[in-house]
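Analysis of the macromolecular model
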Amino acid sequence: MKLKIVAAVVAAVAAQAASAQDNVLNVYNWSDYIAEDTLEKFTAATGITVNYDVYDSNEVLEAKMLAGNSGYDVVVPTSSFMQRQIAAGVYQPLNRDLLPNLANMDPALMASAATYDPGNEHSVIYMWGTTGIGYNTAKVEEILGADAPTNSWALVFDPANAEKLAECGITMLDAPVEMLPAAMNYLGLDPQSTDAADFEKGAELLMQIRPYIRYFHSSQYINDLANGEVCVSIGWSGDIFIAQARAAEAENGIDIAYVIPDEGALQWFDMLTIPVDAPNPAAAHAFINFIMDAQITADITNYVWYANANAASLPLVDEEITSDPGIFPTPAAKERLWNSVPYDSRLDRTITRLWTTILTGQ
Ligand code: N2P
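Residues numbered from 1 in each chain as written. Predicted model: local features only at pLDDT ≥ 70, side-chain atom pairs only at ≥ 80, totals over all residues. Heavy atoms only, no water.

Points about the sheet that holds strand S1 (residues 24-30)
Strands in a sheet are paired, the pairing made by backbone hydrogen bonds, and the direction either parallel or antiparallel. Rules: Pairs of strands are assigned from DSSP output, requiring at least two bridges between the strands. Helix and strand labels come from DSSP, where a helix needs a run of H or I of at least four residues and a strand needs a run of E of at least two; each type is numbered from the N terminus. The criterion used for residue contact is that any of the two residues' heavy atoms lie within 4.5 Å. Lines fitted to the C-alpha atoms define the axes, with helices restricted to the stretch that makes contact. Angles between their N-to-C directions range from 0 to 180 degrees.
The 3 strands are arranged S2-S1-S3 in an open sheet whose pairing can be described as parallel. Of all the strands in the sheet, the pair left with one neighbour each is strand S2 (49-55) and strand S3 (74-75). Relative to S2, S1 runs parallel, the two being bridged by 7 bridges. Within S2, the position partnered with Asn29 by the bridge is Val54. Those strands touched by helix H2 (residues 38-46) are S1 and S2, and its axis lies near 155° from that of S2. Contacts from helix H13 (residues 281-291) reach S1 and S3 within the one sheet, and its direction differs from that of S1 by about 50°.

Okay, here's the thing in structure tokens:
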């Protein structure tokens with residue numbers, strides 16, 4: 001009799017624990033990458049509470065994913081990183097029956113993303129963007145004059161310009177597989193090259209301008225551009241527009257512009273995925289489907305200034321955003337964009353070695 005009661009209590013506690021877990025979702029996303037009210041709205045719609053952590057580096061996310069047992073239900077790797085993580089068995093196939101809002105997605109963009117995930121089996125595009133140059137229009141003109149090459153990587157990669165701009169502050173992303181191909185592109189080399197010799201050349205150029213770089217960081221530049229701490233950042237499209245919006249909000253007179261250099265730029269896709277060991281895959285699917293709601297995605301784009309791949313959302317996106325060629329590039333600019341290619345572990349080690357040299361400056 002007594003035993004039976006204990007068993008019943010144990011069962012009840014277990015059921016409660018299970019339902020508590022059913023109602024929690026652990027999300028790991030890029031910083032400054034969601035609307036203010038998205039999570040609240042998700043909880044209101046589903047009863048699922050969200051724990052939300054952020055990162056600003058694919059390398060950091062990758063280390064957690066490869067180690068396993070991250071505890072996360074949804075993570076957002078960039079396409080090229082995701083490709084090799086899928087190969088390593090890190091993500092689970094999505095259950096399309098739980099994702100009716102897939103119908104909202106742009107088939108052409110999803111086909112592009114399928115290069116990294118055949119059949120889009122493991123992933124859905126969250127946002128996409130480019131890696132270009134953000135700059136303080138007045139400072140750059142003051143230092144380099146009215147004919148400053150603001151449409152070119154030469155603004156930063158020409159050592160003569162970098163030396164002059166150093167005083168007002170140049171920053172770069174701490175993202176080797178984005179920065180080195182950009183330097184290669186400026187040198188006239190193929191930014192999709194997988195030849196270590198090309199990376200060595202890109203690294204040589206970065207070492208030449210290394211003394212003029214204030215720092216390498218992938219999120220701090222948003223506020224620093226906005227408040228005038230720095231004047232030129234190689235960074236991500238939306239983040240630069242966020243800096244522009246923050247300066248406007250602060251009414252500090254600082255004007256920030258974003259440019260996709262004429263030589264070309266990296267176009268990337270950030271992908272919603274579910275780790276193979278996610279504690280709550282049902283909630284993860286509910287979240288991904290919720291994000292693909294046209295209004296929810298439009299709200300995110302309107303807040304973070306990144307392009308999305310949700311065709312149904314576009315009529316709900318501010319015109320100021322859909323008409324900005326820095327966010328939705330013109331067809332001519334699109335032709336000059338490149339996508340990442342996978343690197344084998346040997347090239348990866350070379351890149352890591354070169355990057356360490358660049359970061360430490362020796
Ligand atoms: C958001 C940065 C996301 C772009 N702050 C990196 N893929």
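On we go.
What about the packing of aromatic side chains?
Let me state the cut-off plainly: Pairs were defined over the aromatic rings of Phe, Tyr and Trp, the Trp ring being its six-membered one, requiring ring centres within 6.5 Å. Orientation was assigned from the angle between planes: stacked under 30 degrees, edge-to-face over 60, tilted for the rest. For every residue, the accessible area obtained with a 1.4 Å probe (protein chains only) is divided by the maximum for its type, and the residue is called buried under 20%, exposed over 50%, and partly exposed between those limits.
For the structure on display, the rule yields 16 aromatic pairs. With a centroid separation of 5.4 Å and 25° between ring planes, the pair formed by Trp153 and Phe157 is classed as stacked. Assigned by exposure class, Trp153 and Phe157 land together as buried. Consider the rings of Phe199 and Tyr343, whose centres lie 5.5 Å apart with planes at 85°: the pair is edge-to-face. Placement of Phe199 in helix H10 (residues 196-209) and of Tyr343 in the loop between strand S10 (337-338) and helix H17 (345-360) is noted, with a sequence separation of 144 residues between them. Per residue, the accessibility class of Phe199 equals that of Tyr343, and both read buried. Here the aromatic residues Tyr28, Trp30, Tyr55, Tyr72 and Trp236 are joined through ring pairs into a cluster of three or more.

Focus: the environment of Ala284
Within the secondary structure layout, Ala284 lies in helix H13. Spatially, the C-alpha atoms of Ala284 and Ile274 are 6.7 Å apart, while their sequence positions differ by 10 residues. Residue contacts for Ala284: discarding those within four places in its chain leaves Leu25, Asp73, Val74 and Ile274.

Some details on the state of the cysteines
What counts, and what does not: When the sulfur atoms of two cysteines come within 2.5 Å, that pair is taken as a disulfide.
Within this structure, the stated rule accounts for 1 disulfide. Disulfide pairing places Cys168 opposite Cys231 at an S-S distance of 1.9 Å. The S-S bond linking Cys168 to Cys231 shows a torsion near 60°; that makes this disulfide right-handed. With Cys168 in the loop between helix H8 (159-165) and strand S5 (170-172) and Cys231 in the loop between helix H11 (221-226) and strand S7 (232-236), this pair connects stretches of sequence that are 63 residues apart. We note that Cys168, like Cys231, is buried.

Here's the deal with the site of the ligand
Using the following cut-off: One heavy atom suffices: a residue is near a molecule or strand as soon as one of its heavy atoms comes within 4 Å of it. Here a polar contact is taken to be a pair of N or O atoms separated by no more than 3.5 Å, where protein atoms must pair a possible hydrogen donor with a possible acceptor and residues adjacent in sequence count only if both atoms sit in side chains. Surface accessibility in these figures is a Shrake-Rupley result with a 1.4 Å probe; residues are shielded only by whichever protein chains are displayed. Residue type decides the class: Asp, Glu, Lys and Arg count as charged, Ala, Val, Leu, Ile, Met, Phe, Trp, Tyr, Cys and Pro as nonpolar, and the leftover types, Gly among them, as polar.
Taken together, Trp30, Ser31, Asp32, Tyr33, Thr78, Trp236, Asp239, Trp268, Asp270 and Tyr306 make up the full set of residues adjacent to the ligand. For the ligand, a nitrogen atom lies 3.5 Å from a polar atom in the side chain of Thr78. Between the ligand and the protein, one listed contact pairs a nitrogen atom with a side-chain N or O atom of Asp239 at 3.0 Å. Protein contact buries 99% of the 270 Å² of open area that the ligand shows by itself. A class-by-class count of the residues in the shell around the ligand yields 5 nonpolar, 2 polar and 3 charged.

Observations regarding the domain arrangement of the protein
Here is the rule: An automatic or database domain assignment provides the domain bounds reported here. Buried area, as used here, totals the accessible surface that two parts lose on assembly, with accessibility defined by a 1.4 Å probe and the loss added over both.
In terms of domain boundaries, the protein breaks down into domain 1 (24-128 + 269-327) and domain 2 (130-267 + 339-360). Measuring from the centre of the C-alpha atoms in domain 1 to the corresponding centre in domain 2 gives 26 Å. Listed as interface residues are 20 residues of domain 1 and, on the opposing side, 23 residues of domain 2. Summed over both partners, the interface of domain 1 with domain 2 comes to about 1700 Å²; 53% of that surface belongs to carbon and sulfur atoms. Summed over the shared surface of domain 1 and domain 2, the number is 5 residue pairs in polar contact (both at pLDDT 80 or more). Of all elements in the fold, only helix H4 (79-87) and helix H14 (294-304) reach the threshold of two or more residues within the side of domain 1 that touches domain 2. Of the residues forming the side of domain 1 that touches domain 2, the biggest block, 4 residues, is contributed by H4. Class assignment for the residues of the side of domain 1 that touches domain 2 results in 11 nonpolar, 4 polar and 5 charged.

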